[in-house]
Amino acid sequence: MNAGIWLMNAYVINQEQRVFAVIDGVSSLSTGVQESEAARTSGARAAELVKRKLEAVDGKELLTACLVEANDALREEMLLAEVDLQKKEYLWGAAAAVVRVQDEHIDYAQTGDCMIFAVYADDAVRPLTYPQVHHLERIAFAKWEEGISQGLSTREALIASCRSILAENRYQANIQGGYGVINGDSACSQYIEYGKINRTDLKAMVLLTDGLFMPRAYIIQMSLWHWKTVIPNV
């Protein structure tokens, strides 16, 4: 989701290291956060930081280690901005899906609700990840739809109606029963999902942020899906 006119998504195409990623920034819920001179949201700043880390990754560094480094760097940036790190709703954050294409296999790592799919020669689609926030977002989506039914028509009004739920969800970040996200919390390292698959019959990888998800309630209305890959011809 975007905040105002400022795009919070980012992507990585690191051809030299064969590392590719999509990143979804998560903005602070504090109205007191000071934005940068470029007027980017805190979510955009977090996404850009993760992007820079992945663009600079070397061939030996594990993807999980790179995401942990990004998490530590984000913590330092928030401290410089005098963000109260004890209040999780004030934290900047980012979800990410990243892959490295090796000669014989694909390494991957993920946080939050970004997704990774493997597409095979017979067009079978294999999800490698799960949207970690799904069990928490259902309540917020229900409240959002309730606001629409009550006549709320602006993004600002709808977010205000959901604010308490959104803030409560932030406290589920990087804890058991919650979800993983890059937000400066040292516990982030325990909630990064990762793995490796071989390349037998693999023809493409698809990486998505939540902005490309169709709400589940409306999927049955769609008769045909067309997948586009961000890494053609792996």
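Note that the structure is predicted; figures quoted are calculated from it, not measured. (Residues numbered from 1 in each chain as written. Predicted model: local features only at pLDDT ≥ 70, side-chain atom pairs only at ≥ 80, totals over all residues. Heavy atoms only, no water.)

## A look at the pairing of strand 2 (residues 19-26)
- Counted residue by residue, strand 2 has seven buried out of eight residues, so it is predominantly covered.
- As paired strands, strand 1 (residues 9-14) and strand 2 are joined by six bridges and run antiparallel to one another. Note on strand 2: the bridge partner recorded for Ile13 is Phe20.
- Hairpin geometry of strand 1 and strand 2 is characterised by an intervening segment of four residues between the two adjacent antiparallel strands and by a positive phi of about 55° at Arg18.
- Where strand 2 and strand 3 (residues 93-101) come together, eight bridges link them in antiparallel fashion. Looking across to strand 3, one finds that Phe20 is bridged to Val99. (Buried < 20%, exposed > 50% of the residue type's maximum accessible area, 1.4 Å probe, protein only. Helix = DSSP H or I, 4+ residues; strand = E, 2+ residues; numbered from the N terminus. Pairing = 2+ DSSP bridges.)

## Focus on helix 1 (residues 42-55)
- If you check helix 1, its first and last C-alpha atoms are 20 Å apart, about what 14 residues at 1.5 Å a residue would give, namely 20 Å.
- Burial within helix 1 is extensive, with ten of its 14 residues counted as buried.
- Residues of helix 1 that are buried include every one of Ser42, Gly43, Ala44, Arg45, Ala46, Ala47, Leu49, Val50, Lys51 and Leu54, and no others.
- For helix 1, the elements touching its buried residues are strand 1, strand 2, helix 2 (63-80) and strand 3. (Expected span 1.5 Å × (residues − 1). Contact = heavy atoms within 4.5 Å.)

## Digging into the packing of helix 3 (residues 134-149) against helix 4 (residues 155-170)
- The geometry of helix 3 relative to helix 4 is characterised by a closest axis approach of 9 Å and an angle of 155° between their N-to-C directions. Accordingly, the angle class assigned to the pair helix 3 and helix 4 is roughly antiparallel. Like other packed secondary-structure pairs, helix 3 and helix 4 cross with a definite hand, here right-handed. Contacts between helix 3 and helix 4 involve Leu136, Ile139, Ala140, Lys143, Trp144, Gly147 and Ile148 on the former and, on the latter, Arg155, Leu158, Ile159, Ser161, Cys162, Ile165, Leu166 and Asn169. (Axes fitted to C-alpha atoms, helices over the stretch in contact; angles between N-to-C directions. Parallel < 35°, antiparallel > 145°, perpendicular 65-115°, else oblique. Left-handed = near helix turned anticlockwise from the far one by under 90°.)

Any functional reading would require information beyond the geometric quantities listed.
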